[in-house]
Every structure is written in C-alpha cells, then in structure tokens.
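Here are the chains, one letter per residue:
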Amino acid sequence: MPYRHHELRSEFTWKRPQSIPRYLSEALIDAYDEQGFFLLKNAFSADVLKSVTGELDRLEAETTQMLKDNFEGGVMFINRADEITFSAQLVKQSPVLADFCRHPILQDLVHDLIGPDVRLYWDQAVYKKPGNPSPFPWHQDNGYTFIEPQQYLTCWIPLVDATEENGCPHVVPGLHREGTLHHEFTDLGFNCFDGAPEGVVAVPAMAGDIVVFSSLTPHATGPNLTDSVRKTYIVQFCPDDCVSVSLNDKGERIETPIGNPDTQFHVLTNGAAPI
Ligand SMILES: O=C(O)CCC(=O)C(=O)O
C-alpha cells in the first residue's frame, strides 16, 4: 500500500522566521503566507542557467532512454517518455546541480521562508515535451510525499520561458491554508479537485525566475502545445528536523528522519552556508 499516507491530514502551520529577511521583501513574505506563492523575478544569470540546463539535458536524456528501454510505451508512474519526464534526485549525479541547490539566492530564500537550519528535500527536472496535450493534474506536493512539519518549500525554476502555451504553473491562491487535501490517483498523476477549481491564477515565468510556493499550495501545469520542450528544475527545501510520515498496514504512523547526506544535504546551518 504505497500511498496510504493520503489518509494523513495536516493543518497549515507556517511560522514566519524571526530573523531579519536577507533577500525577500515583506510584501513577498506576506504573499507566501497569505497567497501561498509568489514569483521571484531574475534570480539566476544566463551563465548559471546554461550550466544547469546542460546537466539536466544530459540526465533527462538518460531518463527518457531508461523509460523506453524498460517500460511498455515508456510509461512508468507519472512518467511518459514522449510526453513528460521526471528525473529525480539528480544532485547525487551532478556536482554542478548540487552546487546550484546551494546557490546564494536559494540560501537567502530558504533563510527568509524556513529559517536558519535547512536541508534540500528533493530535486527533479520536469521536461514537458512538445505537443503534449495533457495537463499535469491539480495537486499539493504534500499529496505525493507527506512530511512533518508540513510546510516545505517548492522552487519551480523554469530553464526556458514558461508560458500558458507550453505549460506554466497554475495555482489557487490562499488554499494552502486549508491544510492537506485528499488526493486520488489518476492516469496522469494525483489529483485533488473534481473539475476546475475557482480562483485559478496562471503564473507565467521567464527563464531565470523562480515560482516559489508552499508544499500545500494546489498547483497544476497546462499542456505543452508548442514545438519545443518546456524545461523546469524543481528544488524543494525543508527544515532540518523534518520527518517523512507514512502509515503501515495497521494504520500506525511510521516516521523516518529526512537527511540522506547525498540527496538531502544541508543548504543552511545556523544561518550560514555549511562548510
Ligand atoms: O512541472 C510540471 O509540469 C509539473 C510538475 C509538478 O507540479 C510537480 O512536480 O510537483
């Protein structure tokens, strides 16, 4: 029963870090609290994007090949080789990506939204291939992986301009405050809404921006109706003392500390870059 954690629920409990923000304005921190998301413009230079994209293109090509070689029709869980791929925990394979996840902007961002002791929780490239007519369904990131404290931070980093034509994120502002929603598995991935929710906002973002949102913010991405790949690197951060929570067959809570040194390393220790 791999997904019994969906029976777990949690409320929105984010506490604003007490220290003086290093990078974010109060308005953006308020937006995170009240709306559950914001767009941070021009976070990364073209040089940084180029080196990250080079690594991701190489590793994503391996994912696509692996899916085609091993799975009928190239379909495995939410991956469909010719439509959308998820290449996860790439920091283990790439020092360039591991360095990127400790980029000074990301360190400042996690300081301002999480606090002084923060780990990388997850990283994955999501490539939405040309002519993919399927949306990626509405979900909270907690709908896939349930951790406590609930609130972890997702940075959705477009490597090409993400538009309404090629599958930019859409969010429902404010709904993160409802806590964890119930998710059902569909052919395309977990889904937390019957039909289209009210109040949806599209969040187009340019290469080098970051769409910052809470793991409790419901989001979806649209189809890619263009003739080029929509490339995103998603990096997620959590407080140092986070645990992963699941239920066993008897319905008992199983807590596992988060902290694989290769994939969930510290990005901030006592407010400073780890040595
Ligand atoms: O980038 C996408 O198209 C969807 C990915 C996503 O929402 C996620 O991995 O949580």
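Above: the structure in question.
Our subject in this report is the structure included herewith. The structure presented is a predicted model; accordingly, all values stated were derived computationally and were not measured.

### Points about the packing of aromatic side chains
One pass over the full model with this rule turns up 9 aromatic pairs. Residues Phe77 and Phe185 carry aromatic rings whose centres are separated by 5.5 Å and whose planes lie at 10° to one another, so their mutual orientation is stacked. Here Phe185 lies in strand β10 (residues 184-186) and Phe77 lies in the loop between β2 (75-76) and β3 (79-80), a separation of 108 residues in the sequence. Geometrically, the ring pair formed by Tyr144 and Phe190 is edge-to-face, given 4.9 Å between the ring centres and 90° between the ring planes. In this pair, Tyr144 sits in helix α5 (residues 141-144) while Phe190 sits in strand β11 (residues 189-191), placing the two residues 46 residues apart along the sequence. The class for Tyr144 is buried, based on a relative accessible area of 14%. The exposure class of Phe190 is buried, given its relative accessible area of 2%. Through a chain of ring-to-ring contacts, the aromatic side chains of Phe77, Tyr144, Phe185 and Phe190 assemble into a single cluster. The aromatic ring of Phe265 is capped on one face by Arg102, whose charged end is 4.3 Å from the ring centroid.

### Some remarks on the pattern of salt bridges
The final tally for this structure, using the stated rule, is 15 salt bridges. Note that Asp82 is salt-bridged to Lys68, the shortest N-O span being 2.9 Å. A residue pair is termed long-range when its members are at least 10 positions apart, and Asp82 in the loop between β3 and β4 (84-88) and Lys68 in helix α2 (residues 46-70) qualify at 14 residues. Residue Asp82 is classed as exposed on the basis of its relative accessible area, which comes to 53%. Among the ionic pairs, Arg102 bridges to Asp99, the shortest N-O distance being 3.6 Å. Linked through salt bridges whose partners overlap, the residues forming this network are Arg16, Glu26, Asp30, Asp33 and Arg177.

### Overview of the sheet that holds strand β7 (residues 147-148)
Within a sheet, neighbouring strands are paired by backbone hydrogen bonds and run either parallel or antiparallel to one another. As summarised here, the arrangement of the 3 strands in space is β7-β16-β17, forming an open sheet in which the pairing is antiparallel. Sheet topology places β7 and β17 (253-257) at the edges, where each strand pairs with a single neighbour. Relative to strand β16 (residues 243-247), β7 is paired through 2 bridges, and the arrangement is antiparallel. The partner of Glu148 across the bridge, within β16, is Val243.

### Observations concerning the site of the ligand
The full set of residues close to the ligand is Phe86, Gln124, Val126, Lys128, Phe136, His139, Asp141, Trp156, His219, Thr221, Arg230 and Ile234. Interatomic distance of 2.9 Å between a side-chain N/O atom of His139 and an oxygen atom of the ligand. With respect to the ligand, the side chain of His219 contributes an N or O atom lying 3.2 Å from an oxygen atom. When the free accessible area of the ligand is taken as 290 Å², the share hidden by the protein chains comes to 95%. Elements with a minimum of two residues in the shell around the ligand: β5 (118-128), β6 (136-139), β14 (219-221) and β15 (230-239). Ranked by residues supplied to the shell around the ligand, first place goes to β5 with 3 residues.

### Regarding the side chain of Lys129
Considering the arrangement of structural elements, one finds Lys129 in the loop between β5 and β6. Look at Lys129 and you get buried, because its relative accessible area is 12%. A polar side-chain atom of Lys129 sits 3.1 Å from a polar atom in the side chain of Glu60. Residues in contact with Lys129, not counting those within four places in the same chain, are Glu60, Thr64, Ala81, Asp82, Glu83, Ile84, Thr85 and Asn224.

Definitions and cut-offs
- Residues numbered from 1 in each chain as written.
- Predicted model: local features only at pLDDT ≥ 70, side-chain atom pairs only at ≥ 80, totals over all residues.
- Heavy atoms only, no water.
- Phe/Tyr/Trp six-rings, centres within 6.5 Å; stacked < 30°, edge-to-face > 60°.
- Helix = DSSP H or I, 4+ residues; strand = E, 2+ residues; numbered from the N terminus.
- Buried < 20%, exposed > 50% of the residue type's maximum accessible area, 1.4 Å probe, protein only.
- Lys NZ or Arg CZ within 6 Å of the ring centre and 35° of its normal.
- Salt bridge = Lys/Arg side-chain N within 4 Å of Asp/Glu carboxyl O.
- Pairing = 2+ DSSP bridges.
- Near = heavy atom within 4 Å.
- Polar contact = N/O pair within 3.5 Å; in protein donor to acceptor, adjacent residues only side chain to side chain.
- Areas by Shrake-Rupley, 256 points an atom, 1.4 Å probe, with all protein chains shown as cover.
- Contact = heavy atoms within 4.5 Å.

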